[in-house]
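Chain by chain, the residues run as shown.
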Amino acid sequence: MRCAVAVRQDPQDPIAGLELTELDLDPPDGWVPVTVRAASLNHHDLWSLRGVGLPAERLPMVLGTDAAGVLRDGTEVVVHSVVASPDWHGEETLDPRRTLLSERHPGTLAETVWVPPRNAVPKDPVLTWEEAACLPTAYLTAFRLLFRAADLRPGQTVLVQGAGGGVATAAVLLGRAAGLRVWVTSRTPEKRSRALELGAHEAFETGARLPEQVDAVIETVGEATWSHSLKALRPGGVVAVAGATSGAMPPADLNRVFFRSLRVVGTTMGTRSELVDLQRFLATTGVRPLVDSVTDLQGVPSALGRMAAGDVMGKIVVALGSEK
Ligand SMILES: NC(=O)c1ccc[n+]([C@@H]2O[C@H](COP(=O)([O-])OP(=O)(O)OC[C@H]3O[C@@H](n4cnc5c(N)ncnc54)[C@H](OP(=O)(O)O)[C@@H]3O)[C@@H](O)[C@H]2O)c1
């Protein structure tokens, strides 16, 4: 089976540890094979190659947390990447032993990925393979950040930091479709204008003073934007955080947090039922994921290089099989 595999880890040169190779895998009992038609890249793949979240003793590891594909009986599915432990009964994101594909079990950047049967979620037929492959990480996380962690209602204002990112573009598209007033920041004028085309109402330079305070901030950038996120909030506002691309240890600014009754809510990925709801939301609203570009397995190293450089607007999809 052809796949993209992390064989070494280097915080400074993550792509050097990536190999495209053939592997034979031994799936856990009861797991089902999904023939991958499309996968997509995430910052998670870069973290794994940098040695964050993936212990070195688990190498070599097939990368990838997102895919859409076909079961042996022909059912078209989206892969839900959050794998709970077999004896866990609550929400899978809260299982202390939960794992994402490519952390303990081989990931989705492969011709075939094996998953527990409940993690093969029927794909809505209105979505293409490429669109469906964008959902399991970035879109599911954005959906949960907006509607669960930040608990936003139509008419409220949300600030999305780092407009070009996979999660950020998802938050713009989903937030706009849900009737939110959507503001973004980005470091480049090109990405700010793309965000406006996508549906953002206003776009600001990273760190810029805003015309008024917002109800919630969607934060995945981390150190570079954290203090701006806290300053941007109205009293009682919420920063919903799911990532820290630029660093995870910003000054906490606790005075601001308690004087202004701010809430900081962290979240990771989402549940299977949220993935079902997300697909229904896309089908009902007509919103479709923003695809930056489509490549194949050979193109994964250079595509991850672009992601490491912050040179991406939306999702990079990896086409596999006959549906290239
Ligand atoms: N907890 C979860 O479940 C979960 C799920 C998905 C992602 N994440 C995390 O969320 C983060 C974003 O993921 P992604 O897939 O959306 O990544 P991405 O597509 O690579 O986006 C990162 C964006 O962050 C902004 N950025 C990066 N460095 C910056 C800096 N120094 N200053 C200002 N902005 C900067 C950039 O936006 P501009 O260029 O527009 O400024 C960039 O487009 C990653 O750290 C990822 O691990 C977590």
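Since the structure is predicted, the reported quantities are computational estimates derived from the model, not experimental observations.

Draft legend 1. Expanded view of the overall build of the protein. A count of helices and strands for the protein gives 9 helices and 18 strands. Its C-alpha radius of gyration of 19 Å places the protein within 12% of the 20 Å reference for a compact globule of 324 residues. Along the longest, intermediate and shortest principal axes, the C-alpha atoms of the protein span 55 × 45 × 40 Å. Residues classed as buried in the protein amount to 53% of the 324 residues present. Put simply, of all contacts in the protein between residues at least 6 apart along the chain, 71% involve residues at least 24 apart.

Draft legend 2. Looking closely at the sheet that holds strand β2 (residues 18-22). Pairing in this open sheet of 3 strands is antiparallel, and the strands run β2-β1-β4 from one edge to the other. Since the sheet does not close on itself, it has two edges, and those belong to β2 and β4 (61-62), each with one partner. Where strand β1 (residues 2-6) meets β2, 5 bridges bridge the pair, whose relative direction is antiparallel. Within the sheet, the bridge partner assigned to alanine 6 lies in β2 and is leucine 18.

Draft legend 3. Region of interest: the domain arrangement of the protein. Domains assigned within the protein are domain 1 (2-134 + 289-323) and domain 2 (138-266). When each unit is reduced to the centre of its C-alpha atoms, the spacing between domain 1 and domain 2 is 26 Å. Listed per partner, the contact involves 15 residues of domain 1 and 18 residues of domain 2. Summing both sides of the interface, domain 1 and domain 2 together bury roughly 1,200 Å²; the carbon and sulfur share of this comes to 58%. Looking at the side of domain 1 facing domain 2, the largest losses of area belong to Glu91, Leu290 and Met313, adding up to 42% of the total buried there. The shortest N-O distance in the salt bridge between arginine 148 and glutamate 91 comes to 3.1 Å. Remark: the boundary between domain 1 and domain 2 carries 6 residue pairs in polar contact (both at pLDDT 80 or more).

Draft legend 4. Layout of helix α3 (residues 135-149). Across its 15 residues, α3 extends only 18 Å between first and last C-alpha, which sits more than 12% below the 21 Å expected from 1.5 Å per residue. In the segment just after α3, aspartate 151 is the residue with positive phi, at about 55°.

What counts and how
- Residues numbered from 1 in each chain as written.
- Predicted model: local features only at pLDDT ≥ 70, side-chain atom pairs only at ≥ 80, totals over all residues.
- Heavy atoms only, no water.
- Helix = DSSP H or I, 4+ residues; strand = E, 2+ residues; numbered from the N terminus.
- Rg over C-alpha atoms; globule rule 2.2 N^0.38 Å.
- Buried < 20%, exposed > 50% of the residue type's maximum accessible area, 1.4 Å probe, protein only.
- Contact = heavy atoms within 4.5 Å.
- Pairing = 2+ DSSP bridges.
- Domains from an automatic or database assignment.
- Buried area = accessible area lost by both parts, 1.4 Å probe.
- Salt bridge = Lys/Arg side-chain N within 4 Å of Asp/Glu carboxyl O.
- Polar contact = N/O pair within 3.5 Å; in protein donor to acceptor, adjacent residues only side chain to side chain.
- Expected span 1.5 Å × (residues − 1).

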